[in-house]
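What follows is the residue order along each chain.
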Amino acid sequence: MAISLYNYHFTPLIYLIFLPTLISAVNITHLLSPYPDLSDFSDLLSTTAVAADLLHRTSITILAVPNSILRSSHLTRLSSTNLADVIRYHVLLQCLSLHDLRRYPPAGKLITTLFQTTGRAPHTFGSVNITHDPNTDTTTIQSSPQSTNNVTIIAPIVTLPYNLTIFTVNSLIIPYGFDLTASESRPSIAINITKALLDGQNFNVVASLLSASGVMEEFESEKGGAGITLFVPTDDAFTNMPATAKFQSLPADQKADVLRFHVLLSYYPLGSLQSIVNPFQPTLATEDKGAGTFTLNISRVNGSVAISSGIVQASVTQTVYDENPIAIFGISKVLLPKEMFLKKYIVENAESPVMSPPPLNYSPESYGPSSSSSPGLREEMHSTATVQNVNLGLYLYTGLLYLLLI
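Residues numbered from 1 in each chain as written. Predicted model: local features only at pLDDT ≥ 70, side-chain atom pairs only at ≥ 80, totals over all residues. Heavy atoms only, no water.

1. Description of the nonpolar core
Of all hydrophobic cores here, the largest spans 46 residues; its most connected members are Phe 41, Ile 62, Ile 130 and Ile 166. The greatest single-element share of this core, amounting to 5 residues, is contributed by strand 7 (residues 150-160). Those residues within four positions of Ile 62 in sequence are excluded, and the remaining contacts are Ile 28, Phe 41, Leu 54, His 90, Val 91, Leu 164, Thr 165, Ile 166 and Phe 167. Phe 203, Val 215, Ile 228 and Val 263 belong to the second largest nonpolar core, which has 34 residues in total. (Core = buried A, V, L, I, M, F, W, Y, C linked by side-chain atoms within 4.5 Å. Buried < 20%, exposed > 50% of the residue type's maximum accessible area, 1.4 Å probe, protein only. Helix = DSSP H or I, 4+ residues; strand = E, 2+ residues; numbered from the N terminus. Contact = heavy atoms within 4.5 Å.)

2. Notes on the pairing of strand 14 (residues 313-323)
Both strand 13 (residues 304-308) and strand 14 contribute to a ladder of 3 bridges, which runs antiparallel. Note on strand 14: the bridge partner recorded for Ala 306 is Ser 315. Between strand 13 and strand 14, which follow one another and run antiparallel, lie 4 residues, and Gly 310 among them has a positive phi close to 105°. Pairing of strand 14 with strand 15 (residues 326-331) involves 6 bridges; the strand directions are antiparallel. Opposite Thr 319, over in strand 15, you have Phe 329 as the bridge partner. Counting the residues that bridge the hairpin from strand 14 to strand 15 gives 2 residues. (Pairing = 2+ DSSP bridges.)

3. Focus: the environment of His 90
Structurally, the position occupied by His 90 is in the loop between helix 5 (80-88) and strand 3 (91-92). Along the sequence, His 90 and Thr 113 sit 23 residues apart, while their C-alpha atoms lie 7.1 Å from each other. When near neighbours in sequence (up to four residues on either side) are disregarded, His 90 contacts Phe 41, Thr 61, Ile 62, Leu 63, Val 65, Leu 172 and Ile 173. Side-chain polar atoms of His 90 contact the backbone nitrogen of Ile 173, separated by 3.0 Å. (Polar contact = N/O pair within 3.5 Å; in protein donor to acceptor, adjacent residues only side chain to side chain.)

4. Observations regarding the sheet that holds strand 13
The mixed open sheet is built from 7 strands, whose spatial order is 10-9-15-14-13-12-11. The sheet terminates laterally at strand 10 (263-264) and strand 11 (280-282), the two strands that pair on one side only.

5. Description of the pairing of strand 2 (residues 60-64)
Here strand 2 lies mainly inside the structure; 5 of its 5 residues are buried. Covered by surrounding structure in strand 2 are Ile 60, Ile 62 and Ala 64 together with Thr 61 and Leu 63, the residues of both alternating faces. Sheet analysis places strand 2 next to strand 8 (residues 164-169), joined by 5 bridges and oriented parallel. What sits directly across from Thr 61, in strand 8, is Thr 165. Across 2 bridges, strand 2 lies against strand 3 in antiparallel orientation. Along strand 3, the bridge assignment pairs Ile 62 with Val 91.

6. Focus on the side chain of Ser 127
Assignment of secondary structure puts Ser 127 in strand 5 (residues 127-133). When residues no more than four places from it in sequence are discounted, the contact partners of Ser 127 are Tyr 89, Leu 110, Ile 111, Thr 112, Thr 113, Gln 116 and Ser 143.

7. Focus: unusual backbone geometry
The phi torsion at Tyr 162 lies on the positive side, around 70°, for a residue other than glycine. Mapped onto the elements of the fold, Tyr 162 is located in the loop between strand 7 and strand 8. A relative accessible area of 73% means that Tyr 162 is categorised as exposed. For Phe 294, which is not a glycine, the phi torsion comes out positive at approximately 50°. Take Phe 294: it is sitting in the loop between helix 13 (284-289) and strand 12 (295-301). Classification of Phe 294 by relative accessible area gives buried; the value is 5%.

8. Examining the pattern of salt bridges
Tallied over the full model, the rule gives 9 salt bridges. Note that Lys 195 is salt-bridged to Asp 199, the shortest N-O span being 2.9 Å. Here the residue Lys 195 and the residue Asp 199 both occupy positions in helix 7 (residues 193-199), the gap between them amounting to 4 residues, near one helical turn. For Asp 199, a relative accessible area of 48% translates into the label partly exposed. Taking the shortest distance from any N to any O, the salt bridge between Arg 260 and Asp 257 comes out at 2.9 Å. Highlighted residues: Arg 260 and Asp 257, both in helix 11 (residues 252-260), separated by 3 residues, approximately one helical turn. (Salt bridge = Lys/Arg side-chain N within 4 Å of Asp/Glu carboxyl O.)

9. With respect to the packing of aromatic side chains
Between two aromatic rings, the relevant description is the distance of the centres plus the angle of the planes. Counted by the stated rule, this structure contains 4 aromatic pairs. Note on Tyr 89 and Phe 115: the rings are 5.7 Å apart at their centroids and 70° apart in plane angle, and the pair reads as edge-to-face. With Tyr 89 in the loop between helix 5 and strand 3 and Phe 115 in the loop between strand 4 (109-112) and strand 5, the pair connects residues that are 26 residues apart, well separated along the chain. Pair check on accessibility: Tyr 89 and Phe 115 agree, each one buried. For the ring pair Phe 238 and Phe 247, a centre distance of 6.0 Å and an interplane angle of 55° mean the geometry is tilted. The same class applies to Phe 238 as to Phe 247, namely buried. (Phe/Tyr/Trp six-rings, centres within 6.5 Å; stacked < 30°, edge-to-face > 60°.)

Right, here's the structure in full:
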């Protein structure tokens, strides 16, 4: 499959300066959180416990793989141990800068990976061979000199001088001797998603919309990859949508985009949602609309899972279905993507009627003391007001007389 390296929208290089002894305090997944295209790789670091292995290491380079590449691989066929070893192969036990890479000869240099520390890497198979072509200024990584798995470094995105560098790469690095396609396939799970929704008894609207839109077929094909997580609004959620959304009058393609916005292209059971490391999750709509768009913000609010679209926040109300590789959760509101609905909300707020202030009442009762005030106090205030009115009259009279005399 042809991969365009320029479709990834990475934030410019971040320079963070820490003392070398503070590298143990750096959360790798936190450093990756500003990059939605790397969310799957970040999750794998956590779920395989590789992130925990890095806490006390002081000189490393991480080769991060974008989501689209991970999802087109066969990682789900691996055992948990082999999956962790593949991720360890993307951690080099040296902190390498661009300058370091450009010094390597065309014949290459062997760099040890975290996989070597497991004791499961015979000979030098726990290392990668890094070569640099000065003519094209391209750095290539091989899992061994005998391997045909050539991976190109795209760019550095995070640098902590002398301690940590994170580069993006254009392909998964496969340890020499691993054959992902020959690994035992996970048995497929036959599930009729529409039936599961109808059995839930409160998801008739979304079941009908998914079937009519054709979106169902799109994400059912994802079950063989990293799985899917589907957030389905209740029937009441559709009934209670704001009038300005005008969901029913949207063109069919825009309705489909809203439905795609409710699908994560990874399997997350409820426990994983509650402890999710990267809160900004790309959706099925992100694949069509571009990296960094149509993402959901997932967090914990008052002990439950909250999902925010940027203008609507819903909460998980129930688990409809949960068996790897599919999780379906009922949610309290329809998630409206800000890319489609933010302008409508701004217009709605701008056109909201402004409450007029109450009419001014100049009667003495409205500005005088309350009826509970003592008679003496009322008389004193009335006397003071009378004196002030007399003084004001004398001042105006004097001024007028002066003008007439001159």
